Amino acid sequence: MAKFVYFFGAGKAEGNGEMKDLLGGKGAGLAEMTRIGLPVPAGFTITTEACDYFFKRDRKYPRELAAQVAKNLRRLERTTGKKLGDSKNPLLVSVRSGSARSMPGMMETILNLGLNEKSVKALAEDTNNERFAYDAYRRFVQMYSAVVIGLPKEELEQKLRVMKSRLNVKEDTEVSASGWRELVAEYKKHFRVKTGKGFPEDPQEQLWGAIGAVFNSWMAEKAVTYRRVEKITGLLGTAVNVVQMVFGNTGDNSGTGVCFTRDPSSGEKEFYGDFLLNAQGEDVVAGIRTPMHLDEMAKRMPKVYAQLQRVRRILEHHYRDMQDMEFTVENGKLYMLQTRVGKRTPMATFKMAVDMANEKLITKDDAILRVKPEDIERLFYPIIDPQLPRTDLTKRKLAAGINAVPGAAVGKAVFTAAEAEQWAARGEKVILVRRETSPEDVGGMFVAQGILTAAGGKTSHAAVVARGWGKCCIVGCENLDIDYEAKHMDANGRMVRQGDWLTLDGSDGTVYAGEIPLILPQLPPAYTTLMKWADERRRLGVRANADTPHDARKAREMGAEGIGLCRTEHMFFKDFEQPERSHDRQLAIQEMIVADSPDARRKALAKLLPFQRRDFIGLFTVMDGCPVTIRLVDPPLHEFVPHERAKQEELAARIGVDVETVVRRVEQLREANPMLGHRGCRLAITYPEILEMQVQAIIEAAIECQKKGLKVIPEIMHPLTLDRKELQILDEATRRVADEIIEKAGVELEYLVGTMIELPRAALLADEIAEVAEFFSFGTNDLTQTVMGLSRDDAGRFLPDYVDEKKAGIFAADPFQTLDVAGVGLLIQWGIERGRATRPKLEVGICGEHGGDAQSVKFCHQVGMDYVSASPYLVPIARLAAAQIVIEEKLAATRTGKKK
Ligand code: PEP
Ligand code: MG
């Protein structure tokens, strides 16, 4: 019989920490903490497989589930010595969601379940606290009505507000027992009006209602959106945790908190957390009250704090990673309610990984595996330009809050998530300002540059979600008085209206008026250390796609070991070193294109030659000692000619032909299918003069640099080859031009001539192509396009449906971003094998966009490429992925006992 329920309690657990997929992160954590002897209330977890069954069978439970829940409930009652709904010694439970991947606040929770008119009295007697018992009851009725039945929260909140104003009190803590009792009665009346039924007294009915609500919340709009945004796929569903309630709201000797074993913002080894005295459950996370720091808790509850510190040490050692823990203190006794690997800022990811490796808590390999590609991307956070005068900043300061996620952000203030999405859709940069955020706001939070809330601590919803994204976030900014209706806020007496510019400094929590210039920061030292460890491990080389000396410099800074693709045509339209000369370049190339004889073309090309030579000198200089792969002209020439009449006239006048000649030539160049047209190396077959000029520029530049003492390693690359003979013609032409120049100069210069593999035919006949080519570079943008028959320029219109789980869900990822290993990958593998069969030393790389995608880089390693080439900002991602795959292979080999 399938097992759908796992028990934990009294030091024993059926599950363990490894069983996240089945028990969810929360269930696995509770089981594991129970096993290692930490104080955890007893309970049981209904598995994610039950949830999967539920959705696959039209929201029906597995047949065995009822009996298994009943059995485990009895066991829970025995363990606790209490009974659900009992009129003497009632057991109360929480019913919480928990999937294998943390989805903060996205799914449902119900607390204090088991209360009814009988058991609430018993609870009042047991605790000798009637006020507490009825407060718990009204919370339960409120949560159940909203979460299980779906009654609007606002109507329930409104009743609470009316009751408080009738009693003339401001805080919940001032409401008396009879106040809460009245509110329960009102809620129940409301329940009957809205549903036509009485509020369920039967605890079994309550329990099954709650279990169903938690399962259903897996498919709620906000949860589905969150998974899409976070790219969470392949999970079975949520587990349901039914756990004995412990109370943080029984008085000033109780409370509830969230803490991290290290600071999730900076990564420092400091105990970090928030604590609310006399509060229950979600109050901290919801960010409704601004909590106290743990230092303050240490003063108020020294014994519990010491115990919490012990738990911190045990859990961090046990899991060998920073933990994010939830706990409750009930009458001075500590209970751990959750532990999970804590989300952290990218900076903290590096710091913790390196620190933990240095502390020998983990290995250097582990440290490398801990970093995700997104962590690297997000390391390059913008900050406020430090050159800006301090006085200027001080004048602009509006308010200060808690620095939840570092980095700075600039945008226009908007006060609702929906407006944030609308404004962002029309290209505006926005800052989302809220009193607090809730899971409904994720769409708006995602598109915002930064997030600002008036309430909440570092563990509030806004902070947790923003941290996961590495998005600048300030919370607990209490001096903001936000008026949603009027769409403005008062910040310490200054008015900020919707659409006004704001700048946030998430590193120190300051909010500024206006649009302040930002710059990118220096990388933290831990980044350098970790990347060094990664470089020591990887086999794969990492080059960059760079067309200009400026890009090349950036690429080297990012750790590139050469250029894997210089798209020479990118130099045709802009002179990056002398922008004022861009127009001359454009005219020279256009003159070449409209020329109607080889001589006229040569004349035009002669004008382009000095520009190209200068470009290459720039690249070789920056890349001193590293290979530079230069690709000869690739796109259809039609892309370079003027299409407007005025520009056509200008060109005609400049080269001394009539405008009709230009118009005719432009017309001639038009193709029905330019991507499969006269492009790539076909251009050099038709117009060998272009090849000659480009090779001349490369070789002359190389000789000049070599003479200056630089080490130059040119690799001349022909694009889009489809046949051995075709490449042979180009290769001979290339070598003829190059060797003649070298000989004339009386120098020795080594260079390679090779080709891109971008067409299925070239990959299939790689053995023949390799007879000529000294290197292959897989151009996987075109190869994906041609293997799949999908236009790289247009497929974006429908590919999202192919990737969306809720739509067609045909591909796991966009094949233009992540290599289609099954199809395109097969051809690559074939091409490498066949190519190397002919030429064992054939150098092989990749220069399509996939060279900067971690998953694709790992594939490139596995098929034995020599290097990947990625755009400069993605170079570190490629370096990291290349190291991770080496470690992953080592681990896999160890696991299968085939240790290398
Ligand atoms: C490719 O096709 O993968 C490639 C790198 O060339 P381009 O993107 O310039 O066509
Ligand atoms: Mg291409």
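Scroll up to find the structure this text is about.
Residues numbered from 1 in each chain as written. Chains lettered and ligands numbered in written order. Predicted model: local features only at pLDDT ≥ 70, side-chain atom pairs only at ≥ 80, totals over all residues. Heavy atoms only, no water.

S.K.: Explanation requested: the nonpolar core in the structure shown.
M.R.: Considering soluble globular proteins, one finds that nonpolar side chains tend to be buried as a cluster. Membership of the largest hydrophobic core comes to 129 residues, with the highest contact counts inside it found for F620, I699, F776, F778, I828 and M865. Contact partners of F776, with chain neighbours within four places excluded, come to T755, I757, A766, I769, A770, G831, G835, L842, E843, V844 and G845. Formed by 83 residues, the second largest nonpolar core is a distinct cluster that contains L73, V141, A420 and V442. (Core = buried A, V, L, I, M, F, W, Y, C linked by side-chain atoms within 4.5 Å. Buried < 20%, exposed > 50% of the residue type's maximum accessible area, 1.4 Å probe, protein only. Contact = heavy atoms within 4.5 Å.)

S.K.: When you look at the site of ligand 1 in this model, what are you seeing that I'm missing?
M.R.: Close to ligand 1 lie 14 residues, the nearest being R567, E758, G779, N781 and R792. Contact between ligand 1 and N781: an oxygen atom at 2.7 Å from a main-chain N or O atom of the residue. Taking D782, its main chain carries an N or O atom lying 2.9 Å from an oxygen atom of ligand 1. At the level of secondary structure, the elements contributing two or more residues to the shell around ligand 1 comprise β28 (563-567) and α32 (780-788). Top contributing element to the shell around ligand 1 by residue count: α32, with three residues. A class-by-class count of the residues in the shell around ligand 1 yields three nonpolar, four polar and seven charged. (Near = heavy atom within 4 Å. Polar contact = N/O pair within 3.5 Å; in protein donor to acceptor, adjacent residues only side chain to side chain. Helix = DSSP H or I, 4+ residues; strand = E, 2+ residues; numbered from the N terminus. Nonpolar A, V, L, I, M, F, W, Y, C, P; charged D, E, K, R; others polar.)

S.K.: Help me understand the side chain of D820, please; the structure alone is not making it clear to me.
M.R.: Along the polypeptide, D820 turns up in the loop between α33 (799-803) and α34 (824-838). Within polar-contact distance, the side chain of D820 engages the backbone nitrogen of V824 at 3.0 Å. In this structure, D820 is in contact with M788, P815 and G825, ignoring residues within four places of it in sequence.

S.K.: Whenever I open this one, the side chain of S145 confuses me. Can you help?
M.R.: Within the fold, S145 resides in helix α5 (residues 130-149). Under the relative-accessibility criterion, S145 is labelled buried at 0%. Not counting residues within four places of it along the chain, the set of residues in contact with S145 comprises G150, L151, L156, F191 and F199.

S.K.: Got a minute to help me understand the packing of aromatic side chains in this structure?
M.R.: Both the distance between ring centres and the angle between the ring planes are used here to describe each pair of aromatic rings. Throughout the structure, instances matching the rule amount to 16 aromatic pairs. Taken together, a centroid distance of 5.2 Å and an interplanar angle of 85° make the contact between F54 and F55 edge-to-face. A residue is classified by how much of its surface remains accessible, and F54, at 3% relative accessible area, is buried. Centre to centre, the rings of F140 and F199 are 5.8 Å apart; their planes meet at 85°, and the pair counts as edge-to-face. Highlighted residues: F140 in helix α5 and F199 in the loop between α7 (177-195) and α8 (203-217), separated in sequence by 59 residues. The pair formed by F140 and F199 is uniform in burial state, with each residue classed as buried. An aromatic cluster is present here, built from F54, F55, Y61, W208 and F215 joined pairwise through their rings. If you follow R181 out to its NZ or CZ, it ends over the ring of Y134, 5.0 Å from the centre. (Phe/Tyr/Trp six-rings, centres within 6.5 Å; stacked < 30°, edge-to-face > 60°. Lys NZ or Arg CZ within 6 Å of the ring centre and 35° of its normal.)

S.K.: Hey, could you run me through α8 in this one?
M.R.: Note on helix geometry: an α-helix contains 3.6 residues per turn, so any two residues three or four positions apart are oriented the same way. If you check α8, its first and last C-alpha atoms are 21 Å apart, about what 15 residues at 1.5 Å a residue would give, namely 21 Å. For α8, the buried fraction is high: eleven of the 15 residues fall into the buried class. For α8, the full list of buried residues reads P203, Q206, L207, G209, A210, I211, G212, A213, V214, F215 and S217. Backbone nitrogen of Q204 and a side-chain oxygen of the N-cap are separated by 2.9 Å at the start of α8; the cap is D202. (Expected span 1.5 Å × (residues − 1).)

S.K.: Please clarify how the sheet that holds strand β11 (residues 292-293) should be interpreted in this entry.
M.R.: Strand pairing within a sheet occurs via backbone hydrogen bonds; the two strands may be parallel or antiparallel. Reading across from one edge, β11-β10-β9-β12-β13 is the order of the five strands in this open sheet, with antiparallel pairing throughout. The sheet terminates laterally at β11 and β13 (333-341), the two strands that pair on one side only. Summarising the sheet, strand β9 (residues 255-260) and strand β12 (residues 323-330) pair through six bridges and their orientation is antiparallel. By the bridge assignment for β12, F260 is matched with D324. Relative to the sheet, helix α12 (residues 302-319) contacts β9, β12 and β13, its axis offset from that of β13 by approximately 30°. (Pairing = 2+ DSSP bridges. Axes fitted to C-alpha atoms, helices over the stretch in contact; angles between N-to-C directions.)

S.K.: Is there a simple way to explain helix α9 (residues 221-229) in this structure?
M.R.: Every buried residue belonging to α9 is among K222, A223, V224, T225, Y226 and R227, and all of these are buried. Lining the buried residues of α9 we find α8 and α18 (442-447). Note on α9: the residue one or two positions beyond its end, K231, has a positive phi of about 55°.

S.K.: What is the right way to look at the pattern of salt bridges in this model?
M.R.: Considering all chains together, one arrives at 65 salt bridges under this definition. In this structure, R96 engages E326 in a salt bridge whose closest nitrogen and oxygen atoms are separated by 4.0 Å. You can see R96 sitting in strand β6 (residues 93-99) and its partner E326 sitting in strand β12, a full 230 residues away along the chain. Judged by its relative accessible area of 9%, R96 is buried. The partner of D723 in a salt bridge is R761, with the nearest N and O atoms 3.0 Å apart. Pair noted here: D723 is in the loop between β30 (713-718) and α29 (724-745) and R761 is in helix α30 (residues 760-764), with a separation of 38 residues, a long-range link. (Salt bridge = Lys/Arg side-chain N within 4 Å of Asp/Glu carboxyl O.)

S.K.: Quick question: what am I supposed to make of the pairing of strand β18 (residues 430-434) here?
M.R.: As a general feature of sheets, a regular strand has side chains that alternate between the two faces. Most of β18 is tucked away, with five of its five residues classed as buried. Covered by surrounding structure in β18 are V430, L432 and R434 together with I431 and V433, the residues of both alternating faces. Pairing geometry for strand β17 (residues 408-414) and β18, over three bridges, is parallel. Its bridge partner being in β18, K412 is matched across the sheet by V430. With helix α17 (residues 417-425) bridging β17 and its parallel neighbour β18, the resulting β-α-β unit is right-handed. (Right-handed = clockwise from strand over helix to strand, strands pointing away.)

S.K.: Any chance you could explain the pairing of strand β32 (residues 775-778) here in plain terms?
M.R.: The alternating pattern of β32 places F775 and S777 and F776 and F778 on opposite faces, both of which are buried. Relative to β32, strand β31 (residues 752-757) runs parallel, the two being bridged by three bridges. Note on β32: the bridge partner recorded for M756 is S777. Bridge analysis of β32 against strand β33 (residues 843-846) gives four bridges, and the strand direction is parallel. Counterpart to F775 in the pairing with β33 is E843.

S.K.: Please clarify how the environment of A31 should be interpreted in this entry.
M.R.: Tracing the backbone through its elements, the reader meets A31 in helix α1 (residues 20-35). For A31, a relative accessible area of 2% translates into the label buried. Sequence-wise, A31 and A223 are 192 residues apart; in three dimensions their C-alpha atoms are separated by 25 Å. If we skip the residues at most four places from it in the chain, A31 touches F8, A13, G15 and N16.

S.K.: Honestly, the sheet that holds strand β22 (residues 488-491) in this entry has me stumped. Any pointers?
M.R.: Spatially, three strands are ordered β21-β22-β23 in an open sheet, and the strand pairing comes out antiparallel. Two strands lie at the open edges of the sheet, namely β21 (480-483) and β23 (494-497), each paired on one side alone. Geometrically, the sheet is characterised by an average inter-axis angle of 20° between neighbouring strands, direction not taken into account. Sheet topology places β22 next to β23; four bridges connect them, and they run antiparallel. Looking at β23, one finds that D490 is bridged to M495.

S.K.: Teacher, can you tell me more about the packing of helix α25 (residues 645-655) against helix α26 (residues 659-669) here?
M.R.: For any two helices packed against each other, the geometry comes down to the angle between their axes and how far apart the axes lie. Relative to each other, α25 and α26 sit at 120°, their axes nearing to 8 Å. Here α25 runs over α26; the crossing is right-handed. Of the residues in α26, those touching α25 at R645, Q648, E649, L651 and A652 are V659, E660, V662, V663 and V666. In the contact of α25 with α26, the residues fall into six nonpolar, one polar and three charged. (Left-handed = near helix turned anticlockwise from the far one by under 90°.)

S.K.: What should I look at first to understand the coordination of the magnesium ion (ligand 2) in this one?
M.R.: Under perfect tetrahedral coordination by four donors, a metal shows angles of 109.5 degrees; under perfect octahedral coordination by six donors, it shows angles of 90 or 180 degrees. On the protein side, the magnesium ion (ligand 2) has E758 (OE) and D782 (OD) as donor atoms, found 2.0 Å from it. One end of the pair, E758, is in the loop between β31 and α30; the other, D782, is in helix α32, with 24 residues separating them in the sequence. Given a relative accessible area of 2%, E758 falls into the buried group. The exposure class assigned to D782 is buried, which follows from its relative accessible area of 2%. (Donors = N, O, S within 2.8 Å, 3.2 Å for Na, K, Ca; no water.)

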